[in-house]
Amino acid sequence: MFCCDTPDVNPARNLEFSAMPSYKLVYFDARGIAENARMLFAVAKQPFEDVRLSLTFGTPGDFSTIKRPEFDAAKAAGELDASLGKVPCLEVDGVKIGQSKAIERYLARELGLMGSSAMEAAQVDSLGETVRDIKDAYQKVRSIAGADEKKLALDNWFAEGLPDWVKLVEKSVPAGPGPFLVGGKVSAADLSFYTLLLAPSGFFDNTEGAKASFQSCPKIKAALEAVDALPQLQDYLSKRKVTPI
């Protein structure tokens, strides 16, 4: 006679259940720094709970007037302690992880989007860090004081600065079968550059300038177009809620 809590003796069945963790991603009702994680889930066809905390502006565009009552309540209750009182916060089977890049790397590994070997994983990571460098360089341009000086610098960024960066990246792409940047399948590196340069409502406000930056770089162009053609990603983008940020 077996009691009701007898463990399942079918190893295949047990493996199936153990390989299906529960994911919950907590962030504001915005794209922001959680969007790459959402796209990783989408490309991997991995269900997850997308918790979106309300975010409104007292004055549109004025970040000093932001209202975020759900976030404030969660933080006060200690629900975000594991992520230093910040979001995004990823919860995996009850265990919480903070820091957006750590979350992305974890998901990329778990969802099979970090290459097919330790070396490919390092190459994916390296390309991701390059995206961070490009964003940092752009933020320096955006921080220039003076409207005329800033406009001139931004025009130069999209005419020369960003294309020069992308040409450097093109040279750094490891040899492979293509069309993706690392190995023979899509990875987090492809999604990072897609969000940066081609995704709708991506990182740059100047979408045409971002798109123009990689037209003379065949490896990057092929990778971004291959990502853009992924049906599961297009399905996600078509259903994604429109948010201002």
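Remember, it's a predicted structure, so these values are computed and weren't measured experimentally.

Cut-off values and rules
- Note on numbering: residues in each chain are counted from 1, in written sequence order.
- In view of the model being predicted, local features appear only for residues whose pLDDT reaches at least 70, and side-chain atom pairs are presented and counted only at 80 or more, with totals across whole chains, interfaces and linings using the full set of residues.
- Side-chain calculation: all heavy atoms of the structure are included, whereas hydrogens and water are not.
- To get an axis, a line is fitted to the C-alpha atoms, and for a helix only the part in contact is used. The angle between two axes follows their N-to-C directions and goes from 0 to 180 degrees.
- Put simply, DSSP marks the helices as runs of H or I at least four residues long and the strands as runs of E at least two long, and each gets a number from the N terminus on.
- Angle categories: roughly parallel below 35 degrees, roughly antiparallel above 145, roughly perpendicular from 65 to 115, and oblique for all the rest.
- Two helices cross in a left-handed way if the nearer one is turned anticlockwise from the farther one by less than a right angle. They cross in a right-handed way if the turn is clockwise.
- Two residues qualify as a contact provided that any one of their heavy atoms is within 4.5 Å of a heavy atom in the partner residue.
- Asp, Glu, Lys and Arg are counted as charged, while Ala, Val, Leu, Ile, Met, Phe, Trp, Tyr, Cys and Pro are counted as nonpolar; the rest, among them Gly, fall into the polar class.
- Only protein atoms enter the 1 Å grid used here, on which a cavity is any set of points holding a 1.4 Å probe that cannot leave and a pocket is any open set flanked by protein within 12 Å on both sides along at least five of seven lines; residues with an atom within 4 Å of a point are listed as lining.
- Grid points are joined across faces, edges and corners, and a volume is the space filled by probe spheres set on the points.
- Stacked, edge-to-face and tilted labels apply to pairs of Phe, Tyr and Trp rings (six-membered ring for Trp) whose centres lie within 6.5 Å, assigned for plane angles under 30 degrees, over 60, and everything in between, in that order.
- Classification of residues uses two cut-offs on accessible area relative to the type maximum, computed with a 1.4 Å probe and protein chains only: under 20% is buried, over 50% is exposed, and between them is partly exposed.
- Known as pLDDT, the predictor's per-residue confidence is scaled from 0 to 100.
- Residue ranges labeled as domains rest on an automatic or database domain assignment.

(A) Structural context of the packing of helix H5 (residues 118-142) against helix H6 (residues 147-172). At a minimum axis distance of 10 Å, the contact between H5 and H6 shows a crossing angle of 165 degrees. As summarised for this structure, H5 and H6 are arranged roughly antiparallel, according to the angle between their axes. Of the two possible hands of crossing, H5 and H6 adopt the one that is right-handed. Along the contact surface, H5 presents Leu127, Thr130, Asp133, Ile134, Ala137, Tyr138, Val141 and Arg142, while H6 presents Lys150, Ala153, Leu154, Trp157, Phe158, Leu162, Trp165, Val169 and Ser172. Residue classes in the contact of H5 with H6 are distributed as 12 nonpolar, 2 polar and 3 charged.

(B) Fine view of empty space enclosed by the protein. Scanning the model with the defined rule gives 2 cavities of 30 Å³ or more in all. Approximately 190 Å³ is the volume found for the largest cavity. If you go around the largest cavity, you meet 15 residues; those closest to its centre are Glu104, Arg105, Gly128, Ala188 and Ser192. For the lining of the largest cavity, the elements supplying multiple residues, two or more each, are helix H2 (35-44), helix H4 (100-110), H5 and helix H7 (188-197). Partitioning the lining of the largest cavity into residue classes produces 6 nonpolar, 3 polar and 6 charged.

(C) Geometry of the packing of aromatic side chains. As enumerated under the stated definition, the model contains 11 aromatic pairs in all. On the basis of an interplanar angle of 10 degrees and a centroid distance of 4.1 Å, the ring pair of phenylalanine 41 and phenylalanine 48 is categorised as stacked. A relative accessible area of 1% means that phenylalanine 41 is categorised as buried. According to the relative accessible area criterion, phenylalanine 48 is partly exposed, its value standing at 23%. For the pair phenylalanine 158 and phenylalanine 204, a centre-to-centre distance of 5.5 Å together with 80 degrees between the ring planes defines the contact as edge-to-face. You can see phenylalanine 158 sitting in helix H6 and its partner phenylalanine 204 sitting in the loop between H7 and helix H8 (207-212), a full 46 residues away along the chain.

(D) Expanded view of unusual backbone geometry. The linkage connecting valine 87 with the following residue, proline 88, adopts the cis geometry, with an omega of 10 degrees. The residue proline 88 is located in the loop between helix H3 (69-76) and strand S5 (89-92) in this model. Look at the link from glycine 178 to proline 179: it is a cis peptide, with omega at -5 degrees. Along the chain, the position of proline 179 falls in the loop between H6 and H7. Notably, glutamine 99 is not glycine yet its phi reads approximately 70 degrees, a positive angle. Relative to the elements of secondary structure, glutamine 99 occurs in the loop between strand S6 (95-97) and H4. On the basis of relative accessibility, which here comes to 53%, the residue glutamine 99 falls in the exposed class. Even without a glycine there, the phi angle at serine 201 is positive, about 55 degrees.

(E) Just the confidence of the model for the chain, in detail. Per-residue confidence for the chain averages 92 on the pLDDT scale, and 92% of its residues sit at or above 70. In this model residues 1-7 is a low-confidence stretch, pLDDT under 50, and it forms 0 contacts with partners more than four residues away in sequence or in other chains. Every residue in residues 11-17 scores below 50 in pLDDT, and together they form 2 contacts with partners more than four places removed in sequence or on other chains.

(F) Geometry of the layout of surface pockets. Taken as a whole, the largest pocket spans an internal volume of roughly 1,000 Å³. Surrounding the largest pocket, 33 residues form its lining, Tyr27, Arg31, Gly32, Ile33 and Phe203 being those nearest its centre. Elements supplying a minimum of two residues to the lining of the largest pocket: strand S1 (23-28), H2, H4 and H5. Along the lines of polarity and charge, the residues of the lining of the largest pocket split into 15 nonpolar, 7 polar and 11 charged. Each of domain 1 (23-111) and domain 2 (118-230) accounts for three or more of the residues forming the lining of the largest pocket. Estimated volume of the second largest pocket: approximately 150 Å³. Taken together, Lys24, Val26, Val51, Leu53, Ala74, Glu79, Leu80, Cys89, Glu91 and Lys96 make up the full set of residues lining the second largest pocket. Secondary structure elements with two or more residues in the lining of the second largest pocket: S1, strand S2 (49-53) and S5.

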